[in-house]
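# Survey of secondary and tertiary structure
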Amino acid sequence: MAKVLILTGDAAEDLEVFYPYQRLLEEGYEVDVAAPEAKKLQFVVHDFVDGFDTYTEKPGHTWQADVAFADVNPADYVAVVIPGGRAPEYIRNDTDCQRIVQHFYSETKPVAQLCHGPLVAAAAGVLKGRKTSAYPALAPDVQAAGGEFVDGDAVVDGNVVSGRAWPDHPSWMRAFMTVLKEHSPA
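Residues numbered from 1 in each chain as written. Predicted model: local features only at pLDDT ≥ 70, side-chain atom pairs only at ≥ 80, totals over all residues. Heavy atoms only, no water.

For the protein, the helix and strand inventory stands at six helices and eleven strands. Judged by the C-alpha coordinates and their principal axes, the protein covers about 45 × 35 × 30 Å. In the protein, which comprises 186 residues, the share counted as buried stands at 53%. If you take every contact in the protein between residues at least 6 apart in sequence, the share linking residues at least 24 apart comes to 68%. Element-wise, carbon and sulfur atoms account for 49% of the exposed surface of the protein, whose accessible area totals about 8,000 Å². For the protein, the distance from the average position of its 15 positive side-chain charges to the average position of its 27 negative side-chain charges is 3 Å. (Helix = DSSP H or I, 4+ residues; strand = E, 2+ residues; numbered from the N terminus. Buried < 20%, exposed > 50% of the residue type's maximum accessible area, 1.4 Å probe, protein only. Contact = heavy atoms within 4.5 Å. Areas by Shrake-Rupley, 256 points an atom, 1.4 Å probe, with all protein chains shown as cover. Lys, Arg positive; Asp, Glu negative; His and termini not counted. Charge placed at Lys NZ, Arg CZ, Asp CG, Glu CD.)

What follows deals with helix 6 (residues 169-183). Think of an α-helix as 3.6 residues a turn; residues three or four steps apart then line up on the same face. Between its terminal C-alpha atoms helix 6 stretches 20 Å, which fits the 21 Å expected from 15 residues at 1.5 Å a residue. Looking at helix 6, one finds that the buried residues are H169, S171, W172, M173, A175, F176, M177, V179 and L180. (Expected span 1.5 Å × (residues − 1).)

Take the pattern of salt bridges next. In total, this model carries ten salt bridges according to the counting rule given. In this structure, R23 and E27 form a salt bridge, with 2.6 Å as the shortest nitrogen-oxygen distance. (Salt bridge = Lys/Arg side-chain N within 4 Å of Asp/Glu carboxyl O.)

V4, L24, Y29, V81, F176 and L180 are the most contacted members of the largest nonpolar core, which has 38 residues in total. Within the residue set of this core, elements represented by two or more residues are strand 1 (3-7), helix 1 (14-26), strand 2 (30-35), strand 3 (40-47), strand 6 (79-82), strand 7 (111-114), helix 5 (139-144) and helix 6. In contact with L180, not counting residues within four places along its chain, are V4, L24, Y29, V78, A79, P110 and P185. Within the second largest apolar cluster, 22 residues are counted, among which are A34, V67, C97 and V160. (Core = buried A, V, L, I, M, F, W, Y, C linked by side-chain atoms within 4.5 Å.)

What follows is about helix 3 (residues 95-106). Taking 1.5 Å as the rise per residue, helix 3 with twelve residues should run 16 Å; its terminal C-alpha atoms sit 16 Å apart, in good agreement. Those residues of helix 3 lying buried are C97, Q98, I100, V101, H103, F104 and Y105. Close packing links the buried residues of helix 3 with strand 1, strand 6, helix 2 (87-91), strand 7, helix 4 (118-123) and strand 11 (160-163). Where helix 3 begins, one side-chain oxygen reaches toward the backbone nitrogen of D96, 2.8 Å away; that side chain belongs to D94. Note on helix 3: the residue one or two positions beyond its end, T108, has a positive phi of about 50 degrees. (Polar contact = N/O pair within 3.5 Å; in protein donor to acceptor, adjacent residues only side chain to side chain.)

Now for the packing of helix 1 against helix 6. In contact at an axis separation of 11 Å, helix 1 and helix 6 are set at 40 degrees when each is read in the N-to-C sense. As far as their axial angle goes, helix 6 and helix 1 are oblique. For the pair helix 1 and helix 6, the sense of crossing is right-handed. For the pair formed by helix 1 and helix 6, the contact residues are L15, E16, Y19, P20, R23 and L24 on the first element and H169, P170, W172, M173, F176, M177 and L180 on the second. Grouping the constituent residues of the contact of helix 1 with helix 6 by class yields ten nonpolar, one polar and two charged. (Axes fitted to C-alpha atoms, helices over the stretch in contact; angles between N-to-C directions. Parallel < 35°, antiparallel > 145°, perpendicular 65-115°, else oblique. Left-handed = near helix turned anticlockwise from the far one by under 90°. Nonpolar A, V, L, I, M, F, W, Y, C, P; charged D, E, K, R; others polar.)

Attention shifts here to the side chain of H103. Residue position: H103 is located in helix 3. A polar side-chain atom of H103 sits 2.8 Å from a polar atom in the side chain of K109. When neighbours within four sequence positions are excluded, H103 is seen to be in contact with P74, A75 and K109.

If you walk through the whole model with that rule in mind, you get zero disulfides. As a non-bridged cysteine, C97 has C115 as the owner of its nearest cysteine sulfur, 16 Å distant. On the basis of relative accessibility, which here comes to 6%, the residue C115 falls in the buried class. (Disulfide = S-S within 2.5 Å.)

Let us look at the sheet that holds strand 11. Across the sheet, which stays open at both edges, the seven strands sit in the order 5-2-1-6-7-11-10 with mixed pairing between neighbours. Of all the strands in the sheet, the pair left with one neighbour each is strand 5 (67-68) and strand 10 (155-157). Pairing between strand 1 and strand 6: three bridges, direction parallel. When the sheet's bridge partners are listed, V4 is paired in strand 6 with A79. Packing against the sheet, helix 1 makes contact with strand 1, strand 2, strand 6 and strand 7, and its axis sits at approximately 155 degrees to strand 2. (Pairing = 2+ DSSP bridges.)

This is the structure in structure tokens:
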């Protein structure tokens, strides 16, 4: 069975982890969740409140990470998913996380990144010359990393499929599943 890796950590956006996780299982892929440590993770729920300039955050579900970044052999996986939330702000500093992302970009394996997920690709040094969507407030980060920010729900740039946030799930995952099935059917 083809395996897909999800890179995340504490404070990841609940919906952005669980939607691709369940969608990939539904399609017949095996899915491993990787984090800085193989421990129980605490996810969060981001939502918008009238009158606020940005999103709010509340505790979400917990979930056990299957494997620590240091123990991941990226060659064992056909694709990677990098959800958003606040987790990308700190997992991007993990050298093993960067190593994993560099593998998927350099081997042109399917990559799905959403919301703050492109921060990880930026830290890994793989966005130069690439188009990506992200949470719109990250446009300067994408540009500083040499990428082109595109404000879209399902931006496809070769093997990379990106979106802005969880409201983009239907288009983002539909586009990612197309790229994934072309590369590696379940």
